[in-house]
Amino acid sequence: MDYFQAGTSIVVQRGNPRGITDLKDLCGQVVATEEGTVQDDLLHRSEHGCDHEKMTIREYKTNADALLQLRTGRAVAVLNDYPPAAYLASDVKTRAYYQLASTVQYEPGLFGIALAKGSSMLRDALRAALDRIIRSGAYAELLQRWGLTGGGLAASSINAGSGSPTGG
C-alpha cells in the first residue's frame, strides 16, 4: 500500500564548499554511498554522463560510514533518500555538518507498506485507516512537522508504482 512519494537527494557538507547542485557536478569528485542501494545504482548510471572525469564512487557497508566520509572531507557528497537527507540537514544534532545540495529529487517513486499477497482484509483495513488520516488533515500535519509536505499523497493506492495488479 503506497503512502508517500520521494526520491534521492544529494547531501553535501554545510556551506556546500564545492558548489554542488546537480549530479553532473559530481563528475571528477569523490562520492560516498552505501553499497547495494538505489543511490549506489544511480551514481553508477550517472557516471556515464560525465564528459571528462568520471566520479570516484566509494561504497561503504552502511550509510553512516558514507556520511562519515562526507563529514570528514574525504567525499564531497552522499546520496540519500529525501526524507532522511532532509532530516540530516535540519536536525539540531546534524545540521551543522550537512545540507541538501538542492531541492531536486532524483528518480522519485512511491513508498509503501509491504503486505503478504493473501492479506486483502488487512490491506483494505490499513488503506481505509490511512485514507481517513489523510482526509482528517493529520497526515498533512505530520508531513509539515517533518518538512516532507512535497511527498504527500491525496489518497493511498495499491501497488501504483510497481506495475503490479492492484489485487495483491
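Anything mentioned here points back to the structure above.
Residues numbered from 1 in each chain as written. Predicted model: local features only at pLDDT ≥ 70, side-chain atom pairs only at ≥ 80, totals over all residues. Heavy atoms only, no water.

Draft legend 1. Broad picture of the pairing of strand S4 (residues 77-81). With four of its five residues buried, S4 lies for the most part within the structure. The sheet contact formed by strand S1 (residues 2-13) and S4 spans four bridges and is antiparallel. What sits directly across from Thr8, in S4, is Asp81. Bridge analysis of strand S2 (residues 30-34) against S4 gives two bridges, and the strand direction is parallel. Residue pairing in the sheet places Ala32 in a bridge with Val78 of S4. (Buried < 20%, exposed > 50% of the residue type's maximum accessible area, 1.4 Å probe, protein only. Helix = DSSP H or I, 4+ residues; strand = E, 2+ residues; numbered from the N terminus. Pairing = 2+ DSSP bridges.)

Draft legend 2. Main features of helix H4 (residues 120-136). Between its first and last C-alpha atoms H4 spans 24 Å; for 17 residues at 1.5 Å apiece the expected length is 24 Å, and the two agree. Within the sequence span of H4, burial applies to Arg123, Leu130, Asp131 and Ile134. Buried residues along H4 cover an arc of 100° about the axis, so they all sit on one side. For H4, the exposed residues lying more than 90 degrees away from the buried face are Met121, Arg132, Arg135 and Ser136. Tucked into the core, H4 has its buried residues touching S1 and helix H5 (138-145). Two residues or fewer after H4 comes Gly137, characterised by a positive phi angle close to 95°. (Expected span 1.5 Å × (residues − 1). Arc of directions from axis to C-beta. Contact = heavy atoms within 4.5 Å.)

Draft legend 3. How the structure looks around a nonpolar patch on the surface. Residues Tyr87, Leu142 and Trp146 make up a contiguous nonpolar surface patch of about 330 Å² in total accessible area. On the secondary structure map, Tyr87 appears in helix H3 (residues 82-90). (Patch = residues over 30% accessible without salt bridge, like charges linked within 9 Å, V, L, I, M, F, W, Y side chains within 5 Å. Areas by Shrake-Rupley, 256 points an atom, 1.4 Å probe, with all protein chains shown as cover. Salt bridge = Lys/Arg side-chain N within 4 Å of Asp/Glu carboxyl O.)

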